[in-house]
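An overview of the molecular structure
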Amino acid sequence: MSERVVSGLLKHQKTFLADTTTRYIGLVGGYGCGKTRAFCLKAIQLASLNVGHTGMMCEPTNTMLNDVLVPEMRDLLEQYKIPYEFKQTPLPQFTLQFKGGESKILLRSAENFGRLVGLNLGWFGVDEIDTAFNRNKSKIMTMWRLLISRLRA
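Below is a short write-up of the structure. (Residues numbered from 1 in each chain as written. Predicted model: local features only at pLDDT ≥ 70, side-chain atom pairs only at ≥ 80, totals over all residues. Heavy atoms only, no water.)

Consecutive residues of a regular strand have side chains that alternate between opposite faces of the sheet. Both strand 2 (residues 84–87) and strand 3 (residues 93–98) contribute to a ladder of 4 bridges, which runs antiparallel. Across the sheet, residue Glu 85 finds its bridge partner in strand 3, namely Thr 95. In this structure, the hairpin formed by strand 2 and strand 3 is closed by a connection of 5 residues. Relative to strand 4 (residues 101–109), strand 3 runs antiparallel, the two sharing 6 bridges. Within strand 4, the position partnered with Gln 93 by the bridge is Leu 106. Count of turn residues in the strand 3/strand 4 antiparallel hairpin: 2 residues. (Pairing = 2+ DSSP bridges. Helix = DSSP H or I, 4+ residues; strand = E, 2+ residues; numbered from the N terminus.)

Listed below in structure tokens is the structure:
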């Protein structure tokens, strides 16, 4: 991430963004600590590092996707002047433009994770994964295994 982006972040957000080698990384924190903002910045970072590939961002519900994630992504993309296109239908996605090409970011709800088969992803992330499925660990792990199997690009 550029120094311009990192300068306004909290220490734990900077650490999260600085790590580009850990295969599975998470950010754990309390309410209002900036997890979703860091998640969106991480998605932008991963999209820029994987130009030409598709990534995916998940929220536990469609409501959270539309009310929390989409506005935060739009705000950050506009703040940092990253050209993008947003499509709401048939399913929401951002297409980010970089010097080397474009990257798609699919936005999906964990509620329907069984429909994610067939995807070839370069990366994915899940916001508030601990709250998915009313904290049913078995379902969360089933979703996690399915998402890991999509990392083929």
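This next bit is on the sheet that holds strand 5 (residues 123–126). An order of 2-3-4-1-5 is seen for the 5 strands of this open sheet, with the pairing classed as mixed. A strand with exactly one partner marks an edge of an open sheet, and here the two such strands are strand 2 and strand 5. Going from strand to strand, the sheet's axes swing by 15° on average, the running direction of each strand aside. Across the sheet, helix 5 (residues 137–149) is in contact with strand 1 (54–59) and strand 5; its angle to strand 5 comes to roughly 160°. (Axes fitted to C-alpha atoms, helices over the stretch in contact; angles between N-to-C directions. Contact = heavy atoms within 4.5 Å.)

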